[in-house]
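Listed here are the chains, written in short residue letters.
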Amino acid sequence: MPVVQMHDLAHGQAHPHDHGHDHGGDHAHDRVHDHAHDGAHSHSHAAHDHGHDHGHRHAVAPGSEFLRIEQEILSENDRFAGVNRAWFAERAILALNIVSSPGAGKTSLLTETIRRLAGRLPVAVIEGDQETDNDARRIREAGAAAIQINTGRGCHLDAHSVGHAAEQLDPAPGSVLFIENVGNLVCPAAFDLGEACKVAILSTTEGVDKPIKYPDMFAASELLLLNKVDLLPHLDFDVAEALDYARRVNPAIEAIQVSARSGEGIDLWIDWLERRHRAIVQVRVDALDAEAAALRSCLGIDAPGKPLTVVAGR
């Protein structure tokens, strides 16, 4: 399988979009190097030139010319996120943006989740890291198709790179698509990827006050997975205090205590996933029903199963 190099795109090279690979087979070499991001998706991403370095966007002073550039970057990202969201909705794909600080256990939790979902739901994963494809290889070993995005100096994924990756990964209709973002509790909070929601992972090996130190991320997340609870007997970590801090910044956030190692709470997490997946599929079914009803009306068919009668003048 070819290695997809995207870091030279700013110099005018084209995006290769090879859909000839077997998604059920070995994806060990699928990598997207997301250093510069200009190009075109076949699902309506227009050609453009970002020309920015995400790794420095938070170091500029408000009110400067850089703030205007930052606003333009976010606006452009939101446009691509809208394209991604429509692409996922059309295929009834539940796309989740998995966010955390480094070392919180995102990949271990995902590999256990993939094993639990085997035979229940199709799963695909977009992996985001600055370098290496180590996590993507772990995901494939667990049984899911995966593609790697390497961001280089970038501290987060953006909607354009995710759109390219989703296009090449080509998850099956009705899939759960996990987007494992770069380990960072700051930058990814500002970038919509077109996902259904963000899922924040906080591990018991971190401070209980992470949610109020990094409020944007927890405010933007719909679900908090408190990970590594198997270590609680060995740690000075107050679960109630951590959840209280999370709800101070986001009163609506749901929380599930989990451990990829012991399996604690994983069934609750799987139940949550299946409920969200059913809701996504139902939205698509309702949309198709509405389209079918409109077509029947246009063709003069009053009800499903009624013989087709074309009304004159229509």
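Refer to the structure printed above.
Predicted model, so just to flag it, every value in this text is computed and none were measured.

Student: Whenever I open this one, the nonpolar core confuses me. Can you help?
Tutor: Generally speaking, soluble globular proteins have nonpolar side chains that are buried together. If you look at the biggest cluster of nonpolar residues, it comprises 31 residues, and the most contacted ones within it are Leu96, Phe178, Leu225, Trp269 and Trp272. For this core, the secondary structure elements donating two or more residues are strand E2 (94–100), helix H2 (106–117), strand E3 (123–129), helix H3 (134–142), strand E5 (176–180), strand E6 (197–203), strand E7 (221–227) and helix H8 (266–299). Ranked by residues supplied to this core, first place goes to H8 with 5 residues. Those residues within four positions of tryptophan 272 in sequence are excluded, and the remaining contacts are Leu96, Cys197, Val199, Glu222, Leu223, Glu254 and Ile256. Ala189, Phe218, Phe237 and Leu243 belong to the second-largest nonpolar core, a separate cluster that totals 18 residues.

Student: Hey, could you run me through the layout of surface pockets in this one?
Tutor: Once rolled over the atoms, a probe with the size of a water molecule shows which space is left empty. Roughly 190 Å³ of volume is contained in the second largest pocket. Counting residues per element, the lining of the second largest pocket draws most heavily on H8, which supplies 4 residues. Residues belonging to the lining of the second largest pocket are distributed by class as follows: 9 nonpolar, 1 polar and 3 charged.

Student: I would appreciate a short explanation of the packing of H2 against H8 in the present structure.
Tutor: Helix packing geometry: the angle between the two helix axes and the distance between the axes. Orientation of H2 relative to H8, taken along the N-to-C sense of each, is 70°, at an axis distance of 11 Å. Accordingly, the angle class assigned to the pair H2 and H8 is roughly perpendicular. Taken as a pair, H2 and H8 cross one another with a handedness that is right-handed. Each of Leu109, Glu112, Thr113, Arg116 and Leu117 in H2 lies in contact with H8, whose residues at this interface are Ile266, Asp267, Trp269, Ile270 and Leu273. The residue inventory of the contact of H2 with H8, partitioned by class, reads 6 nonpolar, 1 polar and 3 charged.

Student: I would appreciate a short explanation of the side chain of threonine 107 in the present structure.
Tutor: Note on placement: threonine 107 falls in helix H2. Given the relative accessible area of 6%, threonine 107 is considered buried. Once residues within four sequence positions are removed from consideration, threonine 107 is found in contact with Glu127, Asp135, Arg138, Ile139 and Glu180.

Scoring rules and cut-offs
Position numbers for residues count from 1 along each chain, tracking the sequence in the order it is written. Given that this is a predicted model, residues contribute local features only at a pLDDT of at least 70 and side-chain atom pairs are listed and counted only at 80 or more, while totals for whole chains, interfaces and linings are drawn from all residues. Based on all heavy atoms of the structure, the side-chain values leave hydrogens and waters out of the count. What we call a nonpolar core is a set of buried Ala, Val, Leu, Ile, Met, Phe, Trp, Tyr and Cys residues that are connected through their side-chain atoms within 4.5 Å. Only protein chains enter the accessibility calculation, which uses a 1.4 Å probe. A residue is then buried if its area is under 20% of the maximum for its type, exposed if over 50%, and partly exposed in between. Helical segments are the DSSP runs of H or I of at least four residues, strand segments are the runs of E of at least two, and each set is numbered from the N terminus. By the convention used here, residues are in contact when the closest approach between their heavy atoms is within 4.5 Å. Definitions used for this entry: grid spacing 1 Å over protein atoms alone; cavity, a set of points where a 1.4 Å probe fits but cannot get out; pocket, an open set with protein on both sides within 12 Å along at least 5 of 7 lines; lining residue, one with an atom within 4 Å of a point. Grid points are joined across faces, edges and corners, and a volume is the space filled by probe spheres set on the points. Note that Gly is not counted as nonpolar here; it falls among the polar residues with everything else outside the nonpolar set of Ala, Val, Leu, Ile, Met, Phe, Trp, Tyr, Cys and Pro and the charged set of Asp, Glu, Lys and Arg. Between N-to-C directions, angles cover 0 to 180 degrees, with each direction set by a line fitted to C-alpha atoms, over the stretch in contact for helices. Put simply, angles under 35 degrees are roughly parallel, angles over 145 are roughly antiparallel, angles from 65 to 115 are roughly perpendicular, and the rest are oblique. Note on convention: near helix rotated counterclockwise from far helix by under a right angle means a left-handed crossing. Clockwise means right-handed.

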